[in-house]
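The primary structure of each chain is shown beneath.
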Amino acid sequence: MILNHLLFFYLPMRTCRTEADILEGIRKHDARVLEEVYQTHFPVIEALVKRNQGSTDEARDVFQEALVVIYLKVRDEHLELTCKFGTYLYAVCKKIWIQERKSTCCTRTN
């Protein structure tokens, strides 16, 4: 029973947009697409960061940085998704957060 609730929490809202529509919207700075991406995917990224000793503000920073990374790849036509957009965004955010945690950890110990 608890597992079903957790799965519901982590599944992004369904939209009618295709992955190509999302990437094109990001490339064109389409405010509606960006808002939809934020509304759909930020709660999952926030949960990731908070589960790993982060805050909501840090989650926002990670999310923003990931969107910049994705935008630059889309702009330069170096991004071809082989998975759902949300999966890719999660992976980028996770990598950014891990790098951030390592950087913070190393700074404190030195």
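These remarks concern the structure in this document.

Calculation criteria
- Residues numbered from 1 in each chain as written.
- Predicted model: local features only at pLDDT ≥ 70, side-chain atom pairs only at ≥ 80, totals over all residues.
- Heavy atoms only, no water.
- Patch = residues over 30% accessible without salt bridge, like charges linked within 9 Å, V, L, I, M, F, W, Y side chains within 5 Å.
- Areas by Shrake-Rupley, 256 points an atom, 1.4 Å probe, with all protein chains shown as cover.
- Salt bridge = Lys/Arg side-chain N within 4 Å of Asp/Glu carboxyl O.
- Lys, Arg positive; Asp, Glu negative; His and termini not counted.
- Charge placed at Lys NZ, Arg CZ, Asp CG, Glu CD.
- Helix = DSSP H or I, 4+ residues; strand = E, 2+ residues; numbered from the N terminus.
- Contact = heavy atoms within 4.5 Å.

Observations concerning a negative patch on the surface
- Where like charges cluster on the molecular surface, the negative patch consists of Glu-58, Asp-61, Glu-65 and Glu-100.
- Looking at the negative patch, the element that brings in the most residues is helix α4 (residues 56-75), giving three residues.
- With respect to the element layout, Asp-61 can be found in helix α4.

Comments concerning the environment of Phe-85
- Topologically, Phe-85 is positioned in helix α5 (residues 85-109).
- Placed 44 residues apart in sequence, Phe-85 and His-41 show a C-alpha to C-alpha distance of 9.6 Å.
- Leave out the neighbours within four places in its chain, and Phe-85 touches Glu-19, Ile-22, Leu-23, Ile-26, Val-37, His-41 and Ile-70.

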